[in-house]
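These are the residues of each chain, in order.
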Amino acid sequence: MGSRALIGGVLAVLALVAIIAPGGASGGDDASQPYPTRQLEIMAPAAPGGGWDTTARAFQQASRDAGLDKGVEVFNVEGAGGTLGLSELVSKSSGDPYQLMMTGLVMLGAIETNGSDVPITRTTPIATLITEAEAIVVPADSKYRSMEDLAAALKADPGSVRVAGGSAGGADQLLLGEIARVLGVDPKRTRYVAHSGGGEANAAILSGSVDAGISGLGEFVDQVEAGKMRLLAVSSPVEAQVDGKVPPTIKDAGVDLELTNWRMLVAPPGLEDAERERITEYVTKVLESPAWQENVERYDWQPFVKTGRELDDFVASEQRRVQQVVADLGIGK
Amino acid sequence: MLVLAANLLDGFAAVLTPQNLLLAALGVTLGTLVGVLPGIGPALTIALLLPITFNFEDPVGAFILFAGIYAGGMYGGSTTSILLNTPGESASVATAIEGFEMARRGRGRAALATAAIGSFVAGTIGIVALTLVADPVASLAVKFRAEDYFALTLLAFASVTALTSSSLVRGFASLCVGLLIGFVGIDQLTGQSRLTFSVDQLGNGVDIVIVAVGLFAVGEALHMAAKLRSRPDELVPTEPGGSWLSKQDLRRSWKPWVRGAGIGFPFGALPAGGAEVPTFLSYATEKKLAPDREWGEGAIEGVAGPEAANNASFSGTLVPLLTLGIPTSATAAIMLAAFQIFNLQPGPELFETNSELVWTLIASLYVGNIMLLALNLPLIRVWVKVLEIPRALLYAGILVFGTLGVYSLSGSVVEVLVMYAIGVMGFFMRRFDFPIAPVILGVILGPLMETQARRALTASGDDFSVFFSRPLTVILLILAVAAFVIPHLPALKKRLAFGEDD
Amino acid sequence: MTGARVFGGVLLALGVVAFVATLGVGDGWQASGPRLAPAVSAAALVVLALAFLVRPGEKLAAHVTEAGERTHWPTPALLVALLVGYALALDLLGYALATAIFYWLATWLLGSRSPVRDVAIAVALGVVTSFVFSEWLNVQLPTGPWGL
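Residues numbered from 1 in each chain as written. Chains lettered and ligands numbered in written order. Predicted model: local features only at pLDDT ≥ 70, side-chain atom pairs only at ≥ 80, totals over all residues.

- Chain B goes by Tripartite tricarboxylate transporter permease in an unreviewed UniProt entry, where it is assigned to Solirubrobacter deserti.

Here it is, written out as structure tokens:
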């Protein structure tokens, strides 16, 4: 291979990179122009490939397709359930309307379990984007035929049901704790086996080392449709059909409770109300774009949009609820 | 069999068009260029490039591009391990041990070549294995429970204790230091902070890359600085000659390639197997099988084996990904997201419902491997030029490179300082003859073993019988005990024989 | 063997500190709890460090004793100081400038005697990596007060 061909190859790659890379125009913010007037940065406070990362990149792509931005960059700040990213946003980016962060229910849990000293209320919430329903499954050959069976077993002896799910204090364990509380048993007595991700939890359920599993519905759909797991219930109503039918909710099974794993975009603290409104307007426009709708379908998410005052109330109530469950479960410190 | 072959041929037919080959070449080049950058592993490379695939109507092109990027990214990581002693991701840590020693002795070209060809050979073996045994392996893999993983890590641990030094005290002290570093962070099972001393950034634990770059790169730079005055600046010329691998290198490499692939694939196929354990197992195996080689001074077997294991383990991760829809690594998780974009739902029914696409993907990976070899063997000549940089500039560069890698990995100065502290420690360990490898093993294996054991015990309610209740666990435990005892049998026998003489 | 004794003492201290720190973790010694494994490792390190302190020279490789005689301590000590300064300067001065300064000083410390050539390389290194990472790869590097 000649050196000319090599140079040609490198040039081709550089050209490709130039196409992918968003323009890096920067400058002051002009309030008379619609937000954003320059490049926007979105932090995904988790590893590439996770839920927050996927949502942030899907937003980035939709915003670009809709031609609503001057370049959006997504970057990852990994660690400690997202609380590292949170404290970085609050400490380093205060007052900067061009730094957004993806977050969600899981971060509320992590803040409580890690004893992080930065509450989510320090940020400026912009909008919730989507939710994923949590699903409760059992192996196909389990003696639990329905959510009622499982609830009865939990009620009789919460320690008799071994449950696999994601990280300690995440949405999965929160749901288990809430179910126990609603059933009137001590959440501390539940037997929860934490895994580092949905994949590992799936493997544990299939191997038969646990009696049940809790995770995002999307993690289980394939296994359920292949007949390897039985879907007992979902934690909030969903429209999609799984294995030919709409799955029942835990409420249908008499556990009076609703919980979804929602995700939202937040801005740093120290923004003026007008700035918050301009960002909200932009985010809402992206969420209304066909490109975003396509992504929501692609990833089997449920649209879930709250903004402004309504959002503040929602975040505050979810925070109280998470604080209560984490204390009930007696996890972290 | 015939059906499989026909399917694979169909896959190749779909892939082998000029346009696709160009995409593969682009992917490999892009992947290699990004992969050699510090702190950017294959997972992040693919995440950065995922949006381009939204523009492809046809999934074949996207797969091809992916396969190329992935193969290039993996190889790029090994390149920095070998040339600069700074592994960019956990899977290429083992490569750095002998690889950098080879490079330092003017054998960088052979090291890079054995890594590239080994990746190709192992990739090929892995893909053939994937084609033939995906289904049975997948059904076996999901039988593994936490207690079995514990037994398996114990077995791995027993097999690699050969890496400890002549002095048991120093070897085990190194191991304990590694274990303690491994335990730093928020406990996965309970969410409690351990050994973080209230430093938030330590909550995420100390990444193995931080430990490896600290011990290898920073420790080595300090070591060099200490001897600077007593030795003149010498440059080791790169070996002359036109071929990348000499006949002798090839003879020494091919068995480690095959063995490495044999170790890597099954580990990758296990949902909690990973790539770190098999690379070190391969390293230890080669060291045991050929103890007379120049270990610690650039034994080519120590590069060939782990590199092959690393690549085969990736083919292995495709088993649970494609057959069960279970992603077992960050890269696999991103690939899963990419599949969903093309309405390809990995899972138990994939091979029936979407068989055409699956075979196209497998063929793409194969083409990516070949393209990697075709592009990177000529590039070796360019890479080894790095070694001709004067020593002061090279080592200062390594420090900058390592710092950049750790910073872009973690985004914080705290991790960088932790890396320097580990480097200082590594320097003193070198000075007082404490072995480095056990530290790395402790960091990798300690938390794995602990987490799996505790998961098993949490599920059983602290009942230890869980480790003896299923044949699979018991067999693995017996193997582990055997691996601990057998190496010491000759010495034991000798002692007993002497005893009779007395 | 004083150096070896000091290092053994450091290991001992590490073990003790780690052991004490793990005592506060979890609420008991159950095998499934978070305390047992790190506490046992720390205790083992204490024992091993003590064993090392008793006989620091046991089975020492020849190259170690040889290296001990030829060490020039100020160079590695200065290099460590330089590294720490570099890490702290990253956020303060931005990646490009901090890297350029560090690289230049480090090459000089490591024995290079062509300061003009080195300064050119140093500046190029800082600016190019900073540009490639933040513009092409979306990896955020600290920018310092002047956005580079």
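Okay, back to it.
## Remarks on the overall build of chain B
Working step 1: Scanning chain B for helices and strands turns up 20 helices and two strands.
Working step 2: The proportion of buried residues among the 502 residues of chain B is 68%.
Working step 3: Within chain B, residue pairs in contact and separated by at least 24 positions form 81% of the contacts whose partners lie at least 6 positions apart. (Helix = DSSP H or I, 4+ residues; strand = E, 2+ residues; numbered from the N terminus. Buried ≥ 20, exposed ≤ 12 C-beta atoms within 10 Å, placed from the backbone. Contact = placed C-beta atoms within 7 Å.)

## Overview of the overall build of chain A
Working step 1: Assigned secondary structure in chain A consists of eleven helices and ten strands.
Working step 2: Counting across all 333 residues of chain A, residues that qualify as buried make up 53%.
Working step 3: For chain A, the share of sequence-separated contacts (at least 6 apart) that also reach a separation of at least 24 residues comes to 77%.

## Quick word on the interface of chain B and chain C
Working step 1: Between chain B and chain C, the residue contacts involve 56 residues of the former and 57 residues of the latter.
Working step 2: Looking at the side of chain B that touches chain C residue by residue, the classes come out as 36 nonpolar, nine polar and eleven charged. (Nonpolar A, V, L, I, M, F, W, Y, C, P; charged D, E, K, R; others polar.)

## Topic: the domain arrangement of chain A
All names here are of chain A.
Working step 1: Partitioning chain A into structural domains gives domain 1 (38-131 + 261-329) and domain 2 (133-259).
Working step 2: For domain 1 versus domain 2, the separation of C-alpha centres amounts to 26 Å.
Working step 3: Counting only elements with at least two residues in the side of domain 1 that touches domain 2, the list comes to helix 4 (105-114) and helix 11 (308-329).
Working step 4: Here the side of domain 1 that touches domain 2 gets six residues from one element, more than from any other, and that element is helix 4.
Working step 5: Grouping the constituent residues of the side of domain 1 that touches domain 2 by class yields seven nonpolar, six polar and three charged. (Domains from an automatic or database assignment.)

## Notes on the environment of Leu-379 of chain B
Working step 1: The residue Leu-379 of chain B is located in helix 15 (residues 355-383) in this model.
Working step 2: Sequence separation of Leu-379 of chain B and Leu-112 of chain B is 267 residues, and the distance between their C-alpha atoms is 9.8 Å.

## Considerations on the pairing of strand 6 (residues 191-194) of chain A
All names here are of chain A.
Working step 1: Where strand 5 (residues 162-165) meets strand 6, four bridges bridge the pair, whose relative direction is parallel. Bridge pairing links Gly-165 to Ala-194 in strand 6.
Working step 2: Crossover handedness for the path strand 5 to helix 6 (residues 171-183) to strand 6: right-handed. (Pairing = 2+ DSSP bridges. Right-handed = clockwise from strand over helix to strand, strands pointing away.)

## With respect to the nonpolar core
Working step 1: Residues Ile-42 of chain A together with Ala-173 and Val-211 of chain B are the most contacted members of the largest nonpolar core, which totals 316 residues.
Working step 2: Among the elements that line this core, the one with the most residues is helix 6 (residues 108-141) of chain B, at 18 residues.
Working step 3: Excluding its chain neighbours within four sequence positions, the residues that come into contact with Ala-173 of chain B are Phe-434 of chain B together with Leu-11, Leu-45, Leu-48, Ala-49 and Phe-52 of chain C. (Core = buried A, V, L, I, M, F, W, Y, C linked by C-beta atoms within 7 Å.)

## Focus: the confidence of the model for chain B
Working step 1: Confidence along chain B averages 81 in pLDDT terms, with 89% of residues attaining 70 or more.
Working step 2: Predicted complex, confidence summary: ipTM 0.93, pTM 0.81. (pLDDT = per-residue confidence, 0-100.)

## Quick word on the packing of helix 5 (residues 95-109) of chain C against helix 6 (residues 115-136) of chain C
Residues and elements named next belong to chain C.
Working step 1: One way to put it is that helix 5 packs onto helix 6 with a least axis distance of 8 Å and a crossing angle of 150°. One finds that helix 5 runs roughly antiparallel with respect to helix 6. Crossing handedness for the pair helix 5 and helix 6: right-handed. Counted together, Tyr-95, Ala-96, Leu-97, Thr-99, Ala-100, Tyr-103, Trp-104, Thr-107 and Trp-108 of helix 5 and Pro-115, Asp-118, Val-119, Ala-122, Val-123, Leu-125, Gly-126, Val-127, Thr-129 and Ser-130 of helix 6 form the full contact between these two elements.
Working step 2: Across the contact of helix 5 with helix 6, the residue classes tally to 13 nonpolar, five polar and one charged. (Axes fitted to C-alpha atoms, helices over the stretch in contact; angles between N-to-C directions. Parallel < 35°, antiparallel > 145°, perpendicular 65-115°, else oblique. Left-handed = near helix turned anticlockwise from the far one by under 90°.)

## Some thoughts on the packing of helix 5 (residues 147-156) of chain A against helix 6 of chain A
Residues and elements named next belong to chain A.
Working step 1: The geometry of helix 5 relative to helix 6 is characterised by a closest axis approach of 10 Å and an angle of 75° between their N-to-C directions. In terms of orientation, helix 5 and helix 6 fall into the roughly perpendicular class. Between helix 5 and helix 6, the residues in contact are Ala-151, Leu-154 and Lys-155 and Ile-179, Ala-180 and Leu-183, respectively.
Working step 2: Grouping the constituent residues of the contact of helix 5 with helix 6 by class yields five nonpolar, no polar and one charged.

## As for unusual backbone geometry
All names here are of chain A.
Working step 1: Of note in the backbone geometry, Asp-243 takes a positive phi value of approximately 55° without being a glycine.
Working step 2: Take Asp-243: it is sitting in the loop between strand 8 (229-234) and strand 9 (260-267).
Working step 3: Taking the number of C-beta atoms within 10 Å as the measure of exposure, Asp-243 has 12 and is therefore exposed.

## So, the pairing of strand 3 (residues 99-104) of chain A
Working note: regular strand, side chains alternate between the two faces of the sheet.
Residue and element names in this part refer to chain A.
Working step 1: In terms of burial, strand 3 is largely enclosed, as five of its six residues are buried.
Working step 2: Pairing geometry for strand 1 (residues 40-44) and strand 3, over three bridges, is parallel. In the sheet register, Ile-42 faces strand 3, and the bridge partner there is Leu-100.
Working step 3: Here four bridges tie strand 3 to strand 9, and the two strands are oriented antiparallel to one another. Bridge pairing links Thr-103 to Met-264 in strand 9.

## Brief notes about helix 11 (residues 276-289) of chain B
Residue and element names in this part refer to chain B.
Working step 1: Across its 14 residues, helix 11 extends 20 Å between first and last C-alpha, which sits within 8% of the 20 Å expected from 1.5 Å per residue.
Working step 2: Taking burial as the measure, the 14 residues of helix 11 include twelve buried ones, the bulk of the element.
Working step 3: Taken as a whole, helix 11 has its buried residues at Glu-276, Val-277, Pro-278, Thr-279, Phe-280, Leu-281, Ser-282, Tyr-283, Ala-284, Thr-285, Glu-286 and Lys-287.
Working step 4: Buried residues along helix 11 sit in contact with helix 5 (93-104), helix 7 (146-160), helix 9 (208-227), helix 10 (247-269), helix 12 (301-324) and helix 18 (437-460). (Expected span 1.5 Å × (residues − 1).)

## So, the environment of Met-101 of chain A
Residue and element names in this part refer to chain A.
Working step 1: Along the chain, the position of Met-101 falls in strand 3.
Working step 2: In this structure the C-alpha to C-alpha distance between Met-101 and Val-296, which are 195 residues apart in sequence, comes to 19 Å.
Working step 3: Met-101 has contacts with Ile-42, Met-43, Pro-45, Gly-85, Leu-89 and Val-266, leaving out every residue within four places of it along the chain.

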